[in-house]
Amino acid sequence: MKNLVLGLTAVSTLASAGTAFARDDKPEARPWVIWADRVYTGTGTNYEAGMVGTAGSKISIVAPSRGGDEHDSDQVLRCFAVTSGLIDASARIHNGPTSVEQSKEVQASLRVADTLDPFSIEWDRQVRNGVTTVLVNPPDSNVIGGLGVVLKTTGADSIAARTLKSDAVLRGSMGTEPSRGNHPAFRTPTDFYSRRPTTRMGVEWEWRKAFYDAATAARDTSRAFPGSDQLIAALKGDLTVSIQAWATQDIRTAIFLKEEIEREAEFENGLDKPRFFIDAAAEAWKEPQLLVRARVPVVLPPFPVGGRTRDNAFMAWDVAEKLRKEGIPVALSSHGSTEPEECLALQAGYAMQGGLPFENALAAVTSVPARLLGVADRVGTIEVGKDADLCLWNGAPFEPSSRVIAVIVDGVLRYDGREKADAK
Amino acid sequence: MLAALLALAAPLAVATSQSPAGSVAIRADVAWLGDGRTLENATVLVVDGRIADVGADLSVPAGVETIRHRGYLTVGMIALHGYDGASSREFRDDSRPVLPDAKVGLVFDPTSPDFASARGAGITSLLLTPTPEGVAPGLTAVVKSAGRNLLKDEAHLSLVFTANGLVANREPTSLSGAVQMLDRLFEKPSGAIDRARRGGLPCLFEASERTDVLRVLEFAKRRGLGGAIHGVALAGEIADEIKPSKLAVIVPAISVGADRRELRSVVSLAKAGVPFGFGLNSPANNPADLRLGAALCVREGLDPKAAWNGLTSEAARIAGVADRVGRIERGLDADLVLWSGDPLDLGSRIEAVFVDGVRVDGDKR
C-alpha cells in the first residue's frame with residue numbers, strides 16, 4: 001500500500017509540473033526550524049529576521065534571529081518570508097451534485113462532511129497554494145443546504161481526522177442560485193425541481209419560514225422537524241449562519257432577515273441572537289452602513305474578470321479596503337475557484353492593489369477567517385501553542401512574483417517546492 | 001451442533017451401505033481442499049450429494065464407481081456479485097429508494113443459460129445481488145449454478161453508499177441525504193433492517209470510491225453492522241482502515257486490461273489480513289473472468305493460496321454459506337471441479353464439474 005501511495009504521489013507530482021510532495025510513507029510531525037528574512041506572525045509583532053520552531057503538531061518557538069546561530073541541518077528550512085497557513089472561508093472542495101440534497105428547499109441537518117472525498121486531488125491543489133484550513137459548504141442549490149465543516153487540507157486520509165470543527169456553519173443562499181432550474185419551462189411539474197422558490201422573493205420566504213418554524217418548534221417540541229435543532233441553534237447564535245449573497249439586494253435581504261429575527265417577538269427566549277456572515281459579498285461596498293449596523297462580517301469572492309460576478313454583481317479592486325475603512329471584518333476567498341489566477345494568495349495581492357495594507361491583507365486570509373469560523377484558538381496566527389500550520393514564501397507574500405515554496409501542516413512538511421523555486 | 005452432525009451422519013451411513021448407486025469416488029493426483037491445504041493422491045467419496053469422506057488412502061466401498069483423475073481436484077468456485085438468471089432491471093424495484101425486504105432470490109430463472117456458462121467455468125455457487133441503486137434495494141441470495149438450488153435466500157441486506165446509486169429527481173440526491181435516510185431506517189428498524197441491526201443478517205455495503213469505504217466504516221461502526229464491502233477497486237489502499245472493522249471486501253470484477261494498481265490493491269488486502277472474495281458481475285462479464293481475475297492478482301504478487309481461498313472458502317464465509325460449500329470437507333456439498341492442471345494456470349482446462357454430487361459439465365469419465 002505504501003508503494004502505491006508513493007506511486008500516486010509521483011503521478012500527481014508530474015501533473016503539477018515538477019512540484020515535489022514531501023509525502024513519506026507515513027509522514028509524521030518532526031521538529032522544524034524555519035529561518036526567514038521576514039516572520040509575519042499576524043499578531044502585530046513581525047521580525048525582520050527570525051525563526052519559527054515546531055514541536056509535534058504545534059508551534060513551539062517564535063523568535064528574532066540573534067545572528068550566527070543558524071546551523072543548516074535537515075530540520076532547517078530557509079525562506080524569505082513565513083506566514084501562518086492560509087484559511088479559505090469559502091473553499092467548496094465538495095463532490096458536486098452529490099454533496100447537496102435537493103429533495104427539499106431547506107436541509108438544515110445535513111452535513112457536507114458526509115459527502116467529501118479525502119482522496120480528491122483538489123486538496124493537494126489547496127496545499128500547494130498555501131491554504132491549510134478551509135470551510136467547505138454544501139453547494140448552494142438549496143435555500144438552506146446544510147452544515148459546513150472546517151478542516152485541514154491535508155493530513156490523515158479521513159475527513160473526520162482532518163476536521164477542526166464539524167457543524168461549523170449553517171449554510172444557505174440568497175439570490176438566484178437556489179431557484180435556478182425550479183421553474184418548469186413548459187409542460188406540467190413532474191418532480192421536486194418544479195417547485196418554490198422560483199424567485200428571489202421565494203428564496204427569502206423559505207429562509208423566513210424556516211426560522212419561524214424553528215422558533216415554533218423551540219416552544220413546542222411536537223412541532224420539531226428534521227433540521228429544527230440546527231435552525232434553533234442558529235437563532236441562539238450557537239451556530240453561525242453563512243449566507244451566500246453576491247448582489248446588494250441579496251445582501252440587504254440577508255441583513256433585514258437578521259434584524260427581523262432580532263426584533264420580532266416570535267424570537268424571544270434567546271432566539272434573537274443569530275450570528276450571520278455573508279459569503280461572496282461582491283457588492284457589500286454599495287451599502288456598507290447596513291453591514292456596520294447589523295454587525296455582519298463578509299467573505300469576498302475572487303476578483304472577477306471583467307468586474308462582474310455571479311448574479312451580475314460588480315466588484316472592484318478596492319472593495320476590501322473600502323469595507324476595512326468602515327470597520328467591517330473582511331475575509332477573502334477563492335469561492336472554490338480552481339483557476340490559478342483566482343487562488344487565495346493572489347486574492348490578497350489583488351486586494352493590496354486596491355489599497356488594502358499588507359497586514360490587513362494577511363489578516364483577511366488568516367486570522368479574520370479563523371475568527372469567523374470559530375477556530376482562532378487553533379489557527380490563523382503564528383503563536384506558540386497554536387497549530388504548526390506554516391506557509392513559506394520565496395518573496396514578499398501575495399505578490400505575483402512570489403511563490404509558496406513549502407507548506408507545513410500540523411508540524412508535517414506536506415509540500416516542498418523549494419527545488420522548483422530554485423530552478424526558476 | 002451435535003444433533004446436526006448426527007442428523008447428517010445417519011442418512012450418510014444408510015446411503016453408503018445400501019445405495020452405492022448414489023455414490024461416486026474421485027481419485028485425483030492433487031486436491032486443493034479450499035482452506036489452503038493440499039492433498040496428494042486424494043480420494044473424495046461422494047454420497048447423496050455430500051462429501052462423505054476425503055483422504056489420501058481412503059478405501060472406496062465395493063460397488064462405488066471410481067473416477068481416476070490425472071490432475072487437480074478442487075471445490076467449485078463462488079462468484080460473489082452478479083445478476084444471473086434474469087434481466088438486470090429485475091434485480092431492483094426502482095419505484096422507491098428503500099425496499100430492504102425485496103428478495104433477489106425470487107427473481108432468477110434457474111434454467112437460464114447464465115448458470116450453464118457459470119458452471120462451465122467451474123463456478124458452482126453465485127451470490128446474486130440487488131442492483132446497487134437507491135439506498136436499501138433488497139436482500140442478496142446464494143444459488144447453485146445447477147440443480148435449481150437456492151442455497152440461502154437472505155444472505156445480506158444490501159446498503160448502497162455509492163454516488164452511482166443516487167438519482168437526480170428523487171430523495172436522496174446526495175450522499176449526505178442517503179446517510180440520513182439510512183439513519184432514519186435504523187432508528188425505527190423493522191424486517192430485514194431490524195435483523196441486520198440485531199446482528200442476525202450481514203450487510204453488503206455497495207461502494208465505489210475509497211471515500212465511500214470510509215463512510216461505510218463509520219456507518220457500520222455507528223450501527224454495529226457486519227458484512228462485506230463491494231465495488232471499490234482501490235479498497236486495498238486503505239486496508240489498514242478496513243482491517244479493524246472486521247468487514248470483508250468483495251473485489252469488483254476484474255477483466256482483461258485490469259489496472260495494475262487495482263490488482264496490487266488486492267495484494268494489499270491480503271497482506272493486511274482483510275478477508276476478501278471476488279465479484280464477477282455476471283452475466284455482463286464472462287464467468288471465466290473470475291478465475292482470470294484471481295490469476296492476474298497472483299501475477300502482481302498475491303499468494304496463490306490466498307487467491308484460491310478468495311474464490312472458495314473465504315467467498316463461502318462472506319456469502320454466509322461456509323457450512324455448506326467452499327471446502328472439500330466431510331459433510332459439505334459435493335461441488336467439485338476436475339482440472340487438467342493447476343487451477344490458477346490459465347492453460348489448465350476444466351474436465352468435469354459436479355454440483356451436489358451430480359456431474360453437470362464436462363465429459364471426463
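Residues numbered from 1 in each chain as written. Chains lettered and ligands numbered in written order. Predicted model: local features only at pLDDT ≥ 70, side-chain atom pairs only at ≥ 80, totals over all residues. Heavy atoms only, no water.

This next bit is on the overall build of chain B. A count of helical and extended segments in chain B gives ten helices and 17 strands. Its C-alpha atoms give chain B principal-axis dimensions of roughly 65 × 40 × 35 Å. The burial tally for chain B puts 57% of its 365 residues in the buried class. Looking at chain B alone, contacts between residues at least 24 apart form 67% of all its contacts between residues at least 6 apart. (Helix = DSSP H or I, 4+ residues; strand = E, 2+ residues; numbered from the N terminus. Buried < 20%, exposed > 50% of the residue type's maximum accessible area, 1.4 Å probe, protein only. Contact = heavy atoms within 4.5 Å.)

With that out of the way, let us pick up the overall build of chain A. Helix and strand counts for chain A stand at twelve helices and 16 strands. Against the globule reference of 22 Å for 424 residues, chain A gives a C-alpha radius of gyration of 22 Å, in line with a compact fold. In terms of its C-alpha atoms, chain A occupies a principal-axis envelope of roughly 70 × 50 × 45 Å. For chain A, the residues scored as buried account for 57% of the 424 residues in total. Looking at chain A alone, contacts between residues at least 24 apart form 68% of all its contacts between residues at least 6 apart. Carbon together with sulfur atoms contributes 50% to the accessible area of chain A, which is approximately 16,900 Å² in total. (Rg over C-alpha atoms; globule rule 2.2 N^0.38 Å. Areas by Shrake-Rupley, 256 points an atom, 1.4 Å probe, with all protein chains shown as cover.)

Where strands meet in a sheet, backbone hydrogen bonds hold them as pairs that are either parallel or antiparallel. Residue and element names in this part refer to chain B. One open sheet holds the seven strands; their spatial order is E3-E2-E1-E4-E15-E16-E17, and the pairing between them is mixed. Of all strands in the sheet, those bounded by a partner on one side alone are strand E3 (50-55) and strand E17 (358-361). Within the sheet, the average angular offset between the axes of one strand and its neighbour, ignoring direction, is 40 degrees. With four bridges connecting them, strand E15 (residues 336-339) and strand E16 (residues 350-355) associate as antiparallel partners. Across the sheet, residue Leu338 finds its bridge partner in E16, namely Ala352. (Pairing = 2+ DSSP bridges. Axes fitted to C-alpha atoms, helices over the stretch in contact; angles between N-to-C directions.)

Below, the discussion takes up the interface of chain A and chain B. Much of the literature gives interface size as the accessible area that the parts lose upon coming together. Between chain A and chain B, the residue contacts involve 27 residues of the former and 26 residues of the latter. Here chain A packs against chain B, burying approximately 2,200 Å² in sum over the two surfaces, 57% of which is carbon and sulfur. One can count zero salt bridges joining chain A with chain B. The tally of links between chain A and chain B comes to eight residue pairs in polar contact (both at pLDDT 80 or more). By residue class, the composition of the side of chain A that touches chain B is eleven nonpolar, eight polar and eight charged. (Buried area = accessible area lost by both parts, 1.4 Å probe. Salt bridge = Lys/Arg side-chain N within 4 Å of Asp/Glu carboxyl O. Polar contact = N/O pair within 3.5 Å; in protein donor to acceptor, adjacent residues only side chain to side chain. Nonpolar A, V, L, I, M, F, W, Y, C, P; charged D, E, K, R; others polar.)

Further remarks concern the pairing of strand E8 (residues 141-144) of chain B. All names here are of chain B. Of the two faces of E8, both are covered, the one formed by Ala141 and Val143 as well as the one formed by Val142 and Lys144. When strand E6 (residues 123-128) meets E8, the two strands line up antiparallel, connected through four bridges. Bridge pairing in E8 links Ser125 to Lys144. For E8 and strand E9 (residues 150-152), the ladder comprises two bridges, and the chain directions are antiparallel. Directly across from Val142, in E9, lies its bridge partner Lys152.

Glancing now at the pairing of strand E7 (residues 131-136) of chain A. Residues and elements named next belong to chain A. When you tally the buried positions in E7, you get six out of six residues, the bulk of the element. Bridge analysis of E7 against strand E8 (residues 144-152) gives four bridges, and the strand direction is antiparallel. The residue of E8 that forms the bridge with Val134 is Leu151.

Residue and element names in this part refer to chain B. With 93% of its residues at a pLDDT of at least 70, chain B reaches an overall mean of 91. Contacts from residues 1-20, a stretch scored under 50 in pLDDT, to residues over four places away or in other chains number 13 contacts. Note on the complex model: pTM 0.86, ipTM 0.80. (pLDDT = per-residue confidence, 0-100.)

Turning our eyes to something else, we now look at the packing of aromatic side chains. All names here are of chain A. Under the counting rule described, the total for this entry stands at 18 aromatic pairs over all chains. Measuring from centroid to centroid gives 6.2 Å for Trp285 and Phe314, while their planes differ by 75 degrees, and the two rings are edge-to-face. Taken as a pair, Trp285 in the loop between strand E11 (276-279) and helix H7 (288-294) and Phe314 in the loop between strand E12 (298-300) and helix H8 (319-325) lie far apart in primary sequence, 29 residues in all. For the pair Trp317 and Tyr350, a centre-to-centre distance of 5.3 Å together with 65 degrees between the ring planes defines the contact as edge-to-face. Within this pair, whereas Trp317 is found in the loop between E12 and H8, its partner Tyr350 is found in helix H9 (residues 344-353), the two being separated by 33 residues in sequence. Overall, the relative accessible area of 40% leaves Trp317 in the partly exposed class. Grouped by ring-pair contacts, the aromatic residues Tyr40, Phe358, Trp393 and Phe398 constitute a single cluster. (Phe/Tyr/Trp six-rings, centres within 6.5 Å; stacked < 30°, edge-to-face > 60°.)

So, on to unusual backbone geometry. Geometrically, the link from Glu171 of chain B to Pro172 of chain B is a cis peptide bond, its omega value of -5 degrees lying close to zero. Mapped onto the secondary structure, Pro172 of chain B falls in the loop between strand E10 (157-160) and helix H3 (175-187). Look at the link from Ser282 of chain B to Pro283 of chain B: it is a cis peptide, with omega at 0 degrees. Tracing the chain through its elements places Pro283 of chain B in the loop between strand E14 (276-278) and helix H8 (288-299). In this model, Phe398 of chain A sits at a positive phi of 75 degrees, which is unusual for a non-glycine residue. Within the secondary structure layout, Phe398 of chain A lies in the loop between strand E14 (390-393) and strand E15 (404-409).

This paragraph deals with H8 of chain B. All names here are of chain B. Counted at 1.5 Å a residue, the expected span for H8 with its twelve residues is 16 Å, and the 17 Å between its end C-alpha atoms agrees. With respect to burial, H8 is a largely interior element, nine of its twelve residues being buried. Regarding H8, the residues found buried are Asp289, Leu290, Arg291, Leu292, Gly293, Ala294, Ala295, Leu296 and Cys297. Lining the buried residues of H8 we find strand E5 (77-82), E6, helix H7 (260-272), E14, helix H9 (304-311) and E15. Just downstream of H8, Gly301 is the residue with a positive phi angle, here 115 degrees. (Expected span 1.5 Å × (residues − 1).)

Glancing now at H3 of chain B. Residue and element names in this part refer to chain B. For H3, which comprises 13 residues, the first-to-last C-alpha distance of 18 Å matches the rise-based estimate of 18 Å (1.5 Å per residue) to within 8%. Burial analysis of H3 places eleven of its 13 residues in the buried class, which makes it a mostly covered element. Three or more residues of H3 are buried, namely Leu175, Ser176, Gly177, Ala178, Val179, Gln180, Met181, Leu182, Asp183, Leu185 and Phe186. In this fold, the buried residues of H3 make contact with E10, helix H4 (191-197) and helix H5 (210-223).

We now examine the nonpolar core. By size, the foremost hydrophobic cluster in this structure holds 87 residues, and its most contacted members are Trp207, Phe211, Ile278, Leu291 and Val298 of chain A. A per-element tally of this core places helix H4 (residues 200-219) of chain A first, with seven residues. Not counting the four nearest positions on each side in its chain, Leu291 of chain A is found in contact with Ile251, Ile255, Ile278, Ala284, Val296, Val298, Leu323 and Ile328 of chain A. Of all hydrophobic cores here, the second largest spans 77 residues; its members include Val267, Leu290, Leu296 and Trp308 of chain B. (Core = buried A, V, L, I, M, F, W, Y, C linked by side-chain atoms within 4.5 Å.)

What follows is about the packing of H3 of chain B against H5 of chain B. All names here are of chain B. Two elements in contact, H3 and H5, have axes separated by 12 Å at closest approach and are oriented at 15 degrees. In terms of orientation, H3 and H5 fall into the roughly parallel class. The crossing of H3 and H5 is right-handed. Residues Leu175, Val179, Leu182, Asp183, Phe186 and Glu187 of H3 lie in contact with H5, whose contacting residues are Arg215, Phe219, Arg222 and Arg223. Residues of the contact of H3 with H5, tallied by class, amount to five nonpolar, no polar and five charged. (Parallel < 35°, antiparallel > 145°, perpendicular 65-115°, else oblique. Left-handed = near helix turned anticlockwise from the far one by under 90°.)

In this section: the packing of H4 of chain A against helix H6 (residues 248-263) of chain A. Residues and elements named next belong to chain A. In contact at an axis separation of 11 Å, H4 and H6 are set at 20 degrees when each is read in the N-to-C sense. Taken together, H4 and H6 sit at an angle that is classed as roughly parallel. As H4 runs across H6, the sense of the crossing is right-handed. Taking contact as the criterion, the partners of Arg200, Glu204, Trp207, Arg208, Phe211 and Tyr212 in H4 are, on H6, Gln249, Asp250, Thr253, Leu257, Glu260 and Ile261. Among the residues making up the contact of H4 with H6, the classes are represented as five nonpolar, two polar and five charged.

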